[in-house]
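Close look at the chain arrangement
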2 protein chains.
Amino acid sequence: MNKPVLYSLTLAALAGTVSPLSAQQAPESTDKRPNIILFMVDDMGWQDTSLPFWTEKTYYNSVYETPNMERLAKQGMMFTQAYACPLSSATRCSLITGANNVRHRVTNWTLEKNKTTDRSSETLQLPDWNYNGVSQVPGTNNTYVGTSFVELLRQSGYHTIHCGKAHFGAIDTPGENPIHWGFEVNIAGHAAGGLASYLSEVNYGHTKDGKPYSLMSIPGLEDYWGTGTFVTEALTQEAIKALDKAKKYNQPFYLYMAHYAIHIPIDKDMRFFPKYVRKGLSDKEAAYASLIEGMDKSLGDLMDWLEKNGEADNTIFIFMSDNGGLAAEPGWRDGTPHTQNAPLRSGKGSMYEGGIREPMIVKWPGEVQPDTRCDKYLIIEDFYPTILEMAGVKDYQTVAPIDGISFMPMLKQTGDTSKGRALVWNFPNIWGNDGPGINLNCAIRKDDWKLVYYYETGKKELFNIPEDIGETNDVAAQHPDIVKKLSKELGEYLRKAGGQRPSFKATGKACPWPDEI
Amino acid sequence: MNKPVLYSLTLAALAGTVSPLSAQQAPESTDKRPNIILFMVDDMGWQDTSLPFWTEKTYYNSVYETPNMERLAKQGMMFTQAYACPLSSATRCSLITGANNVRHRVTNWTLEKNKTTDRSSETLQLPDWNYNGVSQVPGTNNTYVGTSFVELLRQSGYHTIHCGKAHFGAIDTPGENPIHWGFEVNIAGHAAGGLASYLSEVNYGHTKDGKPYSLMSIPGLEDYWGTGTFVTEALTQEAIKALDKAKKYNQPFYLYMAHYAIHIPIDKDMRFFPKYVRKGLSDKEAAYASLIEGMDKSLGDLMDWLEKNGEADNTIFIFMSDNGGLAAEPGWRDGTPHTQNAPLRSGKGSMYEGGIREPMIVKWPGEVQPDTRCDKYLIIEDFYPTILEMAGVKDYQTVAPIDGISFMPMLKQTGDTSKGRALVWNFPNIWGNDGPGINLNCAIRKDDWKLVYYYETGKKELFNIPEDIGETNDVAAQHPDIVKKLSKELGEYLRKAGGQRPSFKATGKACPWPDEI
């Protein structure tokens, strides 16, 4: 055995007094810390809701119906500049480890062990990124090893529930199973970041003999096979069963309600599909709308459960999505590609706002003022320290640095953690789709400015985000000083945090960092 | 929130060097700590094997066939005085928390929340014992709160697998689920300490519609329903799948192979049943023998897996049972009741050796001398510190005291932890069956002597165990000094560790402690 790494966890929040002689008494539940629900939607864009996150109500805001998001927003704070990463893996790995995507290097999407999902390039050699995802233990190549905040919650006394999509580690790596990350219950989560089907008619991706026919077949929902239950509903019913159980345990709970919705395939949720057809939407668009409303119905069901069970006042409810709405994939949507997140530009996979800006709401009775909006920015790794702070878990130690910063001051309206803060993204990869701002780039957001740098061409774009939310007006030429300053800060961060970059096949030389050109 | 209890875990064994910049490299597996398999049989008596643990080969040794126990013993050390508790719950709660049964107060068997399983007494009021079992978190009445050694193994980097019977906490308490105790995989374990059926023909206790028809229906083996697979075999196949997966994780593993066998109902394992009928055994006795050989076949399959996968030399294999063989329950066996563990007296539920002395073997290549016997005594809670020591986990802290003492000196033949050590059992309860040494008593073993004290009658029995393994010769009258000394030590331990005792209904007075009479 090599020299071991020592780490110690000081857990401030294990509540209740424990002694061998008091155990037989009937203790009151002394752990009154809040329950926490993180409701994470997959591939949901900033406009995929009837709740306007922009200053104006858009076409899609008027088409889609998400009454429960409106209900949640009335009870909490909307965040209009909440960022994730352009793709699911990067976001979810940042969430669970607290590391920025530059550092964890899970920059493209993961699925199979030791198989990159990059498309190849004739001109560029792509970096050896962490295509095996994140891991909670060392020993696997091409993984980033981090400490899970869910594990810390659990060790502090929370009952921890995973429901839906996990997508932390590749198949056959230690990170593949949510249980390994500190979840005590795993409903339907595994390595895959997508789903074979929403439909119980095909057993969510299983043959009649019960065999999975895809790596994305959803595990663990056998009870719903053939019952006509859309998977969004099946997951909700299972989550509610887990909450019923959690209530018996007399522990605070953490529920990660991570819907497979609204990821492709855009199946029809027939509870809602006909309504949107009657509104005049095409079949594809109506199906997409039905995925959204099915997700919203789940949100409402969980809110109802909290109210019926007397837990609404002691539960923090966080709504989030993992990347921008899919707008590039051919064939899935109607209309002009790359426009579905307007006023934001582009969508999933892109460094433009359409790829990374998410609908986010936080409800916290007594702590967060209802019916408020916060226009300060934050990023997905900030959830890590924030949620631990919400749970009263302090002085924890981790095997790797935490890049996230608690956004508690914004929640409580006591401060602004975005001021002067640089957010950084890196995507030295080639995704399956192409389009505006997609592939082989990196970006920095600081105050009003955002710089996007393209590794292969050396191109730099500069946008003033508050003035130009659609990123249609590249002002790099007008502001060489800002470009230079942001390039330097971006380059320095990338090098410091271990960021990766492609290299040119012709010369074998690495593409320049943004401050080298 | 009340003032929190702080605890810190310093984990010495997280192997490999972890740094953000090394994560992308392809690391060698640096964690070479041994795998550990604890193979725990249910209700297996000291003679339920062809491997003689006594100095003589008994009738049952000659009838049963356990070639793989013989194989394991040739490669390791047999323990001829390995103790558990008279019942499963007490043993398994001591195992997982490291606490003596006096302290944890889970002295009778557990199943349903807030329901005692004690039979009632006309004369005695039984204590309010911990009928909800053990829990890893506070907040539930009538539980003992302890830190799981499996959780410590897991936090140190072990991949932890539970297969079979759990029986830690009652239904709907936090301790009911092995995952909550630090297992990363749970195959078929839940609150119940028994099984509805071994038979796939009845889906191990489920109706054709898939509904459990008993609280003891075995969960999670749907793939084997209707396949003709005896549950012992189904569990083995699932365990081997989990080991295949563990090998991919590149972590050391801990497998708790906790068979439901050989607990009642004594179903026929048809792979072995006919052979025993041909030997002349009655149907009942042949069925019991088939349960034993089915368990032994599982043992061999696991040993084979280790050898085929190059893990045999780096795996510690521990064989154990949780209480004596069932010899009191009417109707299940043929022959004279209470004799089936001979030369030991009585069986499951009893303070006599037949209730608490177990077949135990430890194989540890390079550390434990093959084909050896150890005649020193130890007790089930000793497994806790021993296994952690085997795994190199040091300086751990727990929420409750650890009563177990590492038996590593005996394994390595460097010392004798039994010398001068008192082992204590308490059973202030009434089990479902009656018989010699069963119910409403406590006992102490120290060096050669064993004292059994009966709460209701005040009777004390003294045996010299090496001279009188069958406990047929009560020498209390001949050795009043030893009786007095052991009574004092037993009484003091019971009071110090929070032991419970019945009281007389007529007077409301507690039954005397053994040193009060």
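All values derive from a computational prediction rather than experimental measurement. (Residues numbered from 1 in each chain as written. Chains lettered and ligands numbered in written order. Predicted model: local features only at pLDDT ≥ 70, side-chain atom pairs only at ≥ 80, totals over all residues. Heavy atoms only, no water.)

Considerations on the confidence of the model for chain A
Per-residue pLDDT for chain A averages 94, and the proportion of residues at 70 or more is 94%. The model gives residues 1-27 of chain A a pLDDT under 50, and that stretch makes 94 contacts with residues more than four places away or in other chains. (pLDDT = per-residue confidence, 0-100. Contact = heavy atoms within 4.5 Å.)

Looking at the layout of surface pockets
Rolled over the atoms, a probe with the dimensions of a water molecule shows which regions are left empty. What the second largest pocket holds in volume is close to 350 Å³. Among the residues forming the lining of the second largest pocket, the class breakdown is six nonpolar, nine polar and six charged. (1 Å grid on protein atoms, 1.4 Å probe; cavity = no way out; pocket = protein on both sides within 12 Å on 5 of 7 lines; lining within 4 Å. Points joined across faces, edges and corners; volume = space filled by probe spheres on them. Nonpolar A, V, L, I, M, F, W, Y, C, P; charged D, E, K, R; others polar.)

Describing the sheet that holds strand β8 (residues 185-187) of chain A
Residue and element names in this part refer to chain A. Reading across from one edge, β8-β7-β9-β2-β10-β11-β3-β12 is the order of the eight strands in this open sheet, with mixed pairing throughout. Here the strands that pair on one side only, and so sit at the sheet edges, are β8 and β12 (372-379). The mean inter-strand angle of the sheet, taken between neighbouring strand axes irrespective of direction, is 15 degrees. Pairing analysis gives seven bridges linking strand β2 (residues 35-41) to strand β10 (residues 315-321), with the strands arranged parallel. (Pairing = 2+ DSSP bridges. Helix = DSSP H or I, 4+ residues; strand = E, 2+ residues; numbered from the N terminus. Axes fitted to C-alpha atoms, helices over the stretch in contact; angles between N-to-C directions.)

Side note on unusual backbone geometry
All names here are of chain A. Between Ala261 and Ile262 the backbone carries a cis peptide bond, its omega angle lying at 10 degrees. Tracing the sequence through the fold places Ile262 in the loop between β9 (253-258) and α7 (273-278). Positive phi, close to 70 degrees, is recorded for Asp172, a residue that is not glycine. Looking at the secondary structure, you find Asp172 in the loop between β7 (159-164) and β8. Unusually for a residue other than glycine, Asp447 sits at a positive phi of about 50 degrees. For Asp447, the position within the fold is in the loop between β14 (441-446) and β15 (449-454).

Description of the side chain of A:Lys165
Residue and element names in this part refer to chain A. Take Lys165: it is sitting in the loop between β7 and β8. A distance of 2.8 Å separates the side chain of Lys165 from the side chain of Asp42, its partner in a polar contact. Not counting residues within four places of it along the chain, the set of residues in contact with Lys165 comprises Asp42, Ser88, Arg92, Ala192, Gly193, Tyr256, Ala258, His259, Tyr260, His263 and Asp322. (Polar contact = N/O pair within 3.5 Å; in protein donor to acceptor, adjacent residues only side chain to side chain.)

Side note on the pattern of salt bridges
Following the criterion strictly, the structure yields 76 salt bridges over all chains and no others. Close ionic contact of A:Arg154 with B:Glu151 constitutes a salt bridge, the shortest N to O distance being 2.6 Å. Pair noted here: A:Arg154 is in helix α5 (residues 149-155) and B:Glu151 is in helix α5 (residues 149-155), and the two residues belong to different chains. For the residue pair A:Arg154 and B:Glu151, the accessibility class agrees, reading buried in each case. Among the ionic pairs, A:Asp334 bridges to A:Lys284, the shortest N-O distance being 4.0 Å. Of this pair, A:Asp334 sits in the loop between β10 and α9 (353-356) while A:Lys284 sits in helix α8 (residues 283-308); the two residues are 50 residues apart in sequence, bridging distant segments of the chain. (Salt bridge = Lys/Arg side-chain N within 4 Å of Asp/Glu carboxyl O. Buried < 20%, exposed > 50% of the residue type's maximum accessible area, 1.4 Å probe, protein only.)

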